[in-house]
Amino acid sequence: MEGIIIKGTGSYTPKNVINNIKLGEIVDTSDEWILTRTGIKERKISIDENTSDLAIKACKIAIKNAKISSLDIDLIVLATCTPDMLIPSTACIVQKALGCDNAVSFDISAACTGFIYALDIAKSLIKSNNYKNALVIGAETLSKIVNWEDRTTCVLFGDGAGAVVLSKSEEEGIIESFCKTDAKKYECLVAPSNDLNNPFIKNHIKNEKYLKMDGQEVFKFATTTIVNSIKEVLEKANMTIDEIDYIVPHQANIRIIEHSAKKLKIDKEKFYTNLENYGNTSAASIPIALHELNEKKNLKKGDKIILVGFGGGLTFGATIIKWCV
Ligand code: UT7
């Protein structure tokens, strides 16, 4: 049988650690508020590395762990909402730095669900276009789009990157997956790009500069979406939650994860969480957590893991993987 497996994982986060107490020196907040409302203790904030720099370091680890060379990579799909530049895509910068000269490379944008979308796209392209080894990356420097004067958002986010090598194999390591978009409420989480401005516009309306979020609206969406997405992907795979060893959710808020565990009537330990150390790293959160899960719990061949994401768009999706290495 021909299938697709995750052959290697990697992650990288900036060395600059900003804890809640330090944030209290910048905005009117406290360690107690951030910890009880979100579960976050600290986040890594870049001072000299852009999104591509983080991605390149994560990819080097993933390629090494997959025991392949950069020239074996023929596809790079990078999920980000904080690219280095508008042109070229961050994936192109990563391709050049890694010397992946045989690859086709592009970015995708699906906010915090970006990695789930990227994995699904890479899987489909490997199947339809006969690619052999894909780098699938989630990489972000959210610190450059958050408003550091807005305590309702700046305490939540962090910078980082995670990557996997997704390869053609005789085994099937992607059991089931789906991606969906419900755009009706996209206004509740937005981050602007350049203004529309040209010599033909009389009254130039300036965009706001930073990320803006209706936290409570997104919270409601997230709590129902995680639960429904896990149920949906299990149903598609004809599996039950008891057959799953770990769930790696998007790392936004510990309360969202605890609520989901309660609704699904499962031990919250089944959810792998690391948001206390990184905050919400958007598209990078799932691959960073997956790499850490692999390192810390020593994933065994045959382990089944659900990856589940939700975020701006509003986007959501889930994947069931079988560990095959
Ligand atoms: O990855 C994208 C997905 N994003 C998410 O999943 C985020 C989802 N939303 C959330 O996680 C939560 O809604 C937040 C953590 C953003 C906020 O928690 P909350 O329990 O919904 O708090 P709230 O917005 O209801 O605010 C409660 C109070 C307000 O004060 P008043 O109006 O009650 O006096 C806020 O002004 O807390 C205040 N507040 C803060 N206080 C100290 C808001 N942010 C802070 C802060 N420090 N950083």
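Throughout what follows, the structure given in this document is the object of discussion. Positions within a chain are numbered from 1, following the residues in the order the chain's sequence is written. The predicted nature of this model means local features are confined to residues of pLDDT at least 70 and side-chain atom pairs, given and counted, to a pLDDT of 80 or more, with totals for whole chains, interfaces and linings taken over all residues. Hydrogens and water are ignored here; the side-chain numbers use all heavy atoms of the structure.

1. Some remarks on the environment of Ser-143
Put simply, the test is: The way it works is that DSSP assigns letters per residue, a run of H or I at least four long becomes a helix, a run of E at least two long becomes a strand, and they are numbered from the N terminus. Exposure categories follow from relative accessible area, calculated using a 1.4 Å probe and restricted to protein chains: below 20% of the type maximum is buried, above 50% is exposed, and the middle band is partly exposed. A contact between two residues is defined here by any heavy atoms of the two lying within 4.5 Å. Whenever a nitrogen or oxygen atom comes within 3.5 Å of another N or O atom, the pair is scored as a polar contact, on the condition that within protein one atom can donate a hydrogen and the other can accept it, and that pairs from neighbouring residues in sequence are kept only if both atoms are in side chains.
If you trace the backbone, Ser-143 turns up in the loop between strand 6 (133-141) and helix 6 (151-154). Judged by its relative accessible area of 17%, Ser-143 falls in the buried class. For the pair Ser-143 and Pro-192, spaced 49 residues apart in the sequence, the C-alpha separation amounts to 14 Å. Among residues more than four places away in sequence, those in contact with Ser-143 are Ile-45, Ser-46, Trp-148 and Asp-159. One polar contact links Ser-143 to Asp-159, side chain to side chain, over a distance of 2.7 Å.

2. Side note on the site of the ligand
What counts is decided by this rule: The criterion for a residue being near a molecule or strand is simple. One of its heavy atoms has to lie within 4 Å of it. An automatic or database domain assignment supplies the residue ranges for each domain.
Looking at the ligand, there are 23 residues lining it, with Thr-29, Cys-112, Gln-216, Asn-253 and Asn-280 nearest. Arg-37 places a side-chain nitrogen or oxygen 2.9 Å from an oxygen atom of the ligand. At 2.5 Å from an oxygen atom of the ligand is found a side-chain nitrogen or oxygen belonging to Gln-216. It is helix 7 (residues 215-237) that contributes the most residues to the shell around the ligand, four residues altogether. Mapped onto the domain boundaries, the shell around the ligand takes at least three residues apiece from domain 1 (3-172) and domain 2 (175-322).

3. Thoughts on the nonpolar core
Quick reminder of the rule: Joining through side-chain atoms within 4.5 Å is the link that ties buried Ala, Val, Leu, Ile, Met, Phe, Trp, Tyr and Cys residues into a set, and such a set is a nonpolar core.
Ranked by internal contacts, the top residues of the largest apolar core, which has 45 residues, are Ile-230, Leu-234, Ile-247, Phe-271, Ile-306, Phe-310 and Ile-320. No other element matches the nine residues that helix 7 contributes to this core. For this core, the domains that each give at least three residues are domain 1 (3-172) and domain 2 (175-322). Ignoring any residue separated from it by four or fewer positions in sequence, one finds Leu-234 in contact with Met-239, Thr-240, Ile-241, Ile-244, Ile-306 and Ile-320.

4. Some thoughts on helix 4 (residues 90-98)
Rule in force here: The directions considered for the arc run from the helix axis to the C-beta atoms.
When helix 4 is considered as a whole, its buried residues turn out to be Thr-90, Ala-91, Val-94, Gln-95 and Leu-98. Angularly, the buried residues of helix 4 cover 145° about the axis, an arc narrow enough to put them on a single face. For helix 4, the secondary structure elements touched by its buried residues are helix 3 (51-66), strand 4 (75-79), strand 5 (104-108) and strand 6. Positive phi shows up at Gly-99, right after helix 4, with a value of about 70°.

5. Description of the sheet that holds strand 13 (residues 315-322)
Note: strands within a sheet are paired through backbone hydrogen bonds, in either parallel or antiparallel orientation. The cut-off we apply is this: A pair of strands is labelled paired if DSSP reports no fewer than 2 bridges between them. Inter-axis angles, ranging from 0 to 180 degrees, are taken between N-to-C directions of lines fitted to C-alpha atoms, where helices are fitted over the stretch in contact.
The four strands lie next to each other as 8-13-12-11, forming an open sheet whose pairing is mixed. If you trace the sheet from one side to the other, it starts and ends with strand 8 (174-181) and strand 11 (246-249), each paired once. Recorded for the sheet is a direction-independent mean angle of 10° between the axes of neighbouring strands. In the sheet, strand 12 (residues 304-311) pairs with strand 13 via eight bridges, with the strands oriented antiparallel. Bridging from a neighbouring strand, Gly-309 pairs with Gly-317 of strand 13. The strands touched by helix 5 (residues 114-129) are strand 8, strand 12 and strand 13; relative to strand 8, the strand with the most contacts, the crossing angle is about 120°.

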